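# Analysis of the macromolecular model
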Amino acid sequence: MQILGPDQLIFGVEDLDACCRCAEDYGLKRVEGGSDGATYEALDGTGIHFRRGGDAGLPEPTAPSPNLRETRYGVADAATLAAIGAELARDRDVHALADGVLRARDDDGYWISFQVTRRRALGGPHYGVNVPWQAPGRAVNDVAVRMDVPALPLTLSHVVVFTRDKVRSEKFYSQRLGFRTTDAFTNLGPFMRPAGTKDHHTLFLVQAPGVGLEHFTFHFAGAHEVLRAGWDFARKGYHSHWGPGRHLMGSNYFWYFRSPFGGNIEFDADMDQHDDSWVPRVIAGELDTTQAYLFTHAEKWLPNRPNYRK
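Attention here is on the structure that accompanies the text. Predicted model, so just to flag it, every value in this text is computed and none were measured.

## A closer look at the overall build of the protein
- For the protein, the helix and strand inventory stands at five helices and 18 strands.
- The globule rule puts the C-alpha radius of gyration for 310 residues at 19 Å, and the 20 Å found for the protein is close to it.
- Along the first, second and third principal axes, the C-alpha atoms of the protein reach 70 × 50 × 40 Å.
- Residue burial in the protein is summarised as follows: out of 310 residues, 49% are buried.

The following block contains the structure:
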């Protein structure tokens, strides 16, 4: 099944103003909104939608608000959409919504839905890295750090949710929807990607006593953009939860912050790509396996100034 990845995450929240500020400060563009909620997008049209937790237009909650209410996946074509509907209808209710979306529940009770993707193609200058033994990644006189160019979210990357039974949930996504496990932490759960993307993961399932959102993130263009966007986010008062650093599984750069959406929001870049020949790594999730390295945010400083640190 040619599922490309998440097109939209739908939330039930308590503080609409805080969510709007957070989305805008993160770099997402508001495309619609009012007193009952709003929709924000990355550059390719993937994004988030949120309404008040008690809004009757939202699907039933699986965890207390604020929290994720629905993950809407984009698929390649109408044939894929029909195949998903037929497969899921074998043992659960599948709801056909007015806008051509099919909605059902997974085995943890999370609402998942599917639509022919509405993503826009991305374009822009080459993002290169200069390494001494290879051809220059950037043209001569092309400056990497341009403060006049904003660091913006490009596309919805992945979502991480808690599961009561990681084995059962992994089987559902692999056997029913064609996801592949790229890597797994034996004590936590699997990293999974659908057939329509080579991204290391669009879904990470974490074993826990209950269900709910752990975090979500959008891809940025590279390490510089994660650090710069995260720096700006921290300066605006958001609490740095984890990072900046780089993961081992997936190799992506990361920086996590607290958010009003019921889980953390991450800045993410440079994730590994895998095809079907990849053999998953299965290891315990520990301090030395969940991150290759980790740093702590600090204020700027200059030598020979009062705040100089040796």
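## Describing the pattern of salt bridges
- Applying the stated criterion across every chain yields a total of 21 salt bridges.
- In this structure, R72 engages E70 in a salt bridge whose closest nitrogen and oxygen atoms are separated by 2.9 Å.
- The class of E70 is buried, set by a relative accessible area of 1%.
- With a shortest N-O distance of 2.8 Å, D91 and R176 are connected by a salt bridge. Pair noted here: D91 is in the loop between α2 (78-88) and β6 (95-96) and R176 is in helix α3 (residues 166-177), with a separation of 85 residues, a long-range link.
- A residue is classified by how much of its surface remains accessible, and R176, at 12% relative accessible area, is buried.
- Residues participating in the shared-partner salt-bridge network are E87, R90, D91, R92, D107 and R176.

## What to know about the sheet that holds strand β11 (residues 189-193)
- Judged by pairing direction, the sheet is mixed, and its ten strands sit side by side in the order β17-β10-β11-β12-β9-β13-β16-β15-β14-β18 without closing on themselves. Sheet topology places β17 (281-283) and β18 (293-294) at the edges, where each strand pairs with a single neighbour.
- With seven bridges connecting them, strand β9 (residues 155-163) and strand β13 (residues 212-220) associate as antiparallel partners. Within β13, the residue paired with F162 across the bridge is G212.
- Docked against the sheet, helix α1 (residues 16-26) engages β13 and β16 (264-269), running at close to 10 degrees with respect to β16.
- Where α3 meets the sheet, its contacts fall on β9, β10 (180-185), β11 and β12 (203-207), and the angle it forms with β11 comes to roughly 10 degrees.

## Side note on the environment of F162
- By the secondary structure assignment, F162 is in strand β9.
- Each C-alpha atom of the pair F162 and W133 lies 43 Å from the other, and the pair is 29 residues apart in sequence.
- With residues up to four places along the chain from it excluded, the contact list for F162 reads Y110, V206, A208, G210, V211, G212, L213 and E214.

## Considerations on the packing of α2 against α3
- Closest axis-to-axis distance for the α2/α3 pair is 10 Å, and the angle between their directions is 125 degrees. The angle between α2 and α3 places the two elements in the oblique class. Here I84, E87 and L88 of α2 lie close against α3, whose contacting residues are F172, R176 and L177.
- Split into classes, the residues belonging to the contact of α2 with α3 amount to four nonpolar, no polar and two charged.

## So, the sheet that holds β6
- A sheet is described by the order of its strands in space; here eight strands give the open sequence β2-β3-β4-β1-β5-β8-β7-β6, paired in mixed fashion. The sheet is open, and its two borders are formed by β2 (29-34) and β6, each paired with just one other strand.
- Here six bridges tie strand β5 (residues 67-75) to strand β8 (residues 111-116), and the two strands are oriented parallel to one another. Its bridge partner lying in β8, Y73 is registered against F114.
- Strands in contact with α3 are β1 (3-13), β5, β7 (102-105) and β8; relative to β8, the strand with the most contacts, it is inclined by about 25 degrees.

## Remarks on the state of the cysteines
- Tallied over the entire structure, the rule returns zero disulfides.
- Unpaired in this structure, C19 has its nearest cysteine sulfur neighbour in C22, at a distance of 7.0 Å.
- Given a relative accessible area of 0%, C19 falls into the buried group.
- Unpaired in terms of disulfides, C20 finds its nearest cysteine sulfur in C19, a separation of 7.1 Å.

## Re the nonpolar core
- In terms of nonpolar packing, the biggest core is built from 55 residues, with F11, I48, F50, F114, Y173, L177 and F216 touching the most fellow members.
- With six residues, the top contributor of residues to this core is α1.
- Apart from residues no more than four positions distant in its own chain, I48 is found in contact with Q8, L9, F11, A23, L28, A38, T39, Y40, F216, F218 and F261.
- Formed by six residues, the second largest nonpolar core is a distinct cluster that contains V160, F185, V206 and M249.

## Section: the packing of aromatic side chains
- Applying the stated criterion to the full structure yields 26 aromatic pairs.
- Centre to centre, the rings of Y26 and F233 are 6.1 Å apart; their planes meet at 80 degrees, and the pair counts as edge-to-face. Residue Y26 is found in helix α1, and its partner F233 is found in helix α4 (residues 223-235); the two are separated by 207 residues along the sequence.
- Note on Y26: relative accessible area 1%, which makes it buried.
- Grouped by ring-pair contacts, the aromatic residues Y26, F218, F220, F233, Y238, W255, F257 and F267 constitute a single cluster.
- Its guanidinium or amino end placed over the ring of W111, R103 lies 5.9 Å from that ring's centre, counting from NZ or CZ.
- Between R246 and the ring centre of Y253, over which it is positioned, the NZ or CZ distance is 4.0 Å.

Reading guide: rules and limits
- Residues numbered from 1 in each chain as written.
- Predicted model: local features only at pLDDT ≥ 70, side-chain atom pairs only at ≥ 80, totals over all residues.
- Heavy atoms only, no water.
- Helix = DSSP H or I, 4+ residues; strand = E, 2+ residues; numbered from the N terminus.
- Rg over C-alpha atoms; globule rule 2.2 N^0.38 Å.
- Buried < 20%, exposed > 50% of the residue type's maximum accessible area, 1.4 Å probe, protein only.
- Salt bridge = Lys/Arg side-chain N within 4 Å of Asp/Glu carboxyl O.
- Pairing = 2+ DSSP bridges.
- Contact = heavy atoms within 4.5 Å.
- Axes fitted to C-alpha atoms, helices over the stretch in contact; angles between N-to-C directions.
- Parallel < 35°, antiparallel > 145°, perpendicular 65-115°, else oblique.
- Nonpolar A, V, L, I, M, F, W, Y, C, P; charged D, E, K, R; others polar.
- Disulfide = S-S within 2.5 Å.
- Core = buried A, V, L, I, M, F, W, Y, C linked by side-chain atoms within 4.5 Å.
- Phe/Tyr/Trp six-rings, centres within 6.5 Å; stacked < 30°, edge-to-face > 60°.
- Lys NZ or Arg CZ within 6 Å of the ring centre and 35° of its normal.

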